Amino acid sequence: MSSSPKIVWPYYIRLIHWIIALTVILNIFILEEGDPPHRNLGYLALGLVLIRFFLGFINKRKNLFPALPLKWSDIKTHVTSHFNGSPVDYEGHTPLASVVYVLIWICLIGLAISGWMLGLDAFWGDETLEEIHGAISTGLEVLVVIHFIGIALDSYFWKRKTWMAMIKGYK
Ligand code: HEM
Ligand code: HEM
């Protein structure tokens, strides 16, 4: 008897994911740095991260932040299980993916704070702050590349369609 697969990522988590992805791509590659659209999208990303945290706290399934498997023992077991040829399955994000996502969220918060500070009279033309904002953005780019490599390796080596999880909602 076949049963329909369980939705791991509800539609609102998927929607938040794709809007955040869009704001990051537009702000890094398309929009003029520092202009109002850039700033507004940066704040939109921050707002979505905060909503995402709130939804994680009220989610009853407990597979969302703050219940991500982020303990050192989770990470160690996850990494070693790959070398044994049978990576442990998780209902939500794996420990390594969780680390990347938490760092992405921290970068988005850091970009909004440093971007906001760039608009204050006290920091007008402050090159160090501009460099900090640029460095956080570079860090975010690196994390997104790691995110893509993780999804690609998972599909290639373990034949899992993880990349579909943020489209259809189930793994
Ligand atoms: C998704 C979030 C964001 C991303 C990915 C992002 C990315 C970037 C990047 C790549 C630059 C160019 C940095 C450089 O020249 O080295 C930049 C510049 C800038 N960003 Fe953002 N940013 C974000 C959010 C914000 C927010 C929320 C604000 C303000 C409220 C802001 C204000 C600025 C300003 C004023 C500059 C120009 C700084 C300069 O003159 O070099 N950004 N941003
Ligand atoms: C700039 C672009 C992107 C950013 C910043 C980003 C960021 C994130 C974040 C923060 C999460 C955690 C979601 C949550 O728990 O709420 C996530 C999960 C995920 N993303 Fe992305 N993402 C981007 C692009 C993409 C693209 C293009 C794909 C499709 C290939 C994708 C596929 C996924 C999948 C499948 C998950 C869940 C994986 C799992 O179950 O562990 N992402 N992403």
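For clarity, every value in this text was computed on a predicted model and none was experimentally measured. (Residues numbered from 1 in each chain as written. Chains lettered and ligands numbered in written order. Predicted model: local features only at pLDDT ≥ 70, side-chain atom pairs only at ≥ 80, totals over all residues. Heavy atoms only, no water.)

1. Some points on the coordination of the iron atom of ligand 2
Note the following rule: Distances define the donors: N, O and S atoms within 2.8 Å of the metal qualify, as do those within 3.2 Å of Na, K or Ca. Water is excluded, so some sites may look unfinished. Tetrahedral means four donors with every angle between 85 and 135 degrees, whereas square planar (four donors) and octahedral (six donors) require angles over 155 degrees between opposite donors and between 65 and 115 for all others; sites fitting neither are termed irregular. The numbering of helices and of strands both runs from the N terminus, where a helix is a DSSP run of H or I of at least 4 residues and a strand a run of E of at least 2. Each residue is placed in one exposure class: buried if its accessible area under a 1.4 Å probe, protein chains only, is under 20% of its type's maximum, exposed if it is over 50%, and partly exposed if it falls in between.
Around the iron atom of ligand 2, the protein contributes the donor atoms H17 (NE2) and H147 (NE2), at 2.0 to 2.1 Å from the metal centre. What the six donor atoms of the iron atom of ligand 2 show is an angle range of 88 to 180° at the metal, which sorts the shape as octahedral. Taken together, the residues span a long stretch of sequence, with H17 in helix α1 (residues 11–30) and H147 in helix α5 (residues 127–158) at a distance of 130 residues. Residue H17 is classed as partly exposed on the basis of its relative accessible area of 24%. Residue class for H147 comes out buried when judged on its relative accessible area of 15%.

2. Topic: the packing of helix α2 (residues 36–58) against helix α4 (residues 95–118)
Convention followed: Note on geometry: axes are C-alpha line fits, over the in-contact stretch for helices, and angles between N-to-C directions span 0 to 180 degrees. Oblique is the label for every angle not falling under 35 degrees (roughly parallel), over 145 degrees (roughly antiparallel), or within 65 to 115 degrees (roughly perpendicular). What makes a crossing left-handed is the near helix being turned counterclockwise from the far one by less than a right angle; a clockwise turn instead makes it right-handed. Contacts: residue pairs with any heavy atoms within 4.5 Å of one another. Three categories are distinguished: nonpolar for Ala, Val, Leu, Ile, Met, Phe, Trp, Tyr, Cys and Pro, charged for Asp, Glu, Lys and Arg, and polar for the others, with Gly belonging to the last.
Two numbers describe how α2 lies on α4: the axes approach to 9 Å, and their chain directions differ by 135°. As far as their axial angle goes, α4 and α2 are oblique. Relative to α4, the crossing made by α2 is left-handed. Contact residues: G42, Y43, A45, L46, V49, R52 and F53 in α2; W105, L108, I109, A112 and W116 in α4. Residue composition of the contact of α2 with α4, by class: ten nonpolar, one polar and one charged.

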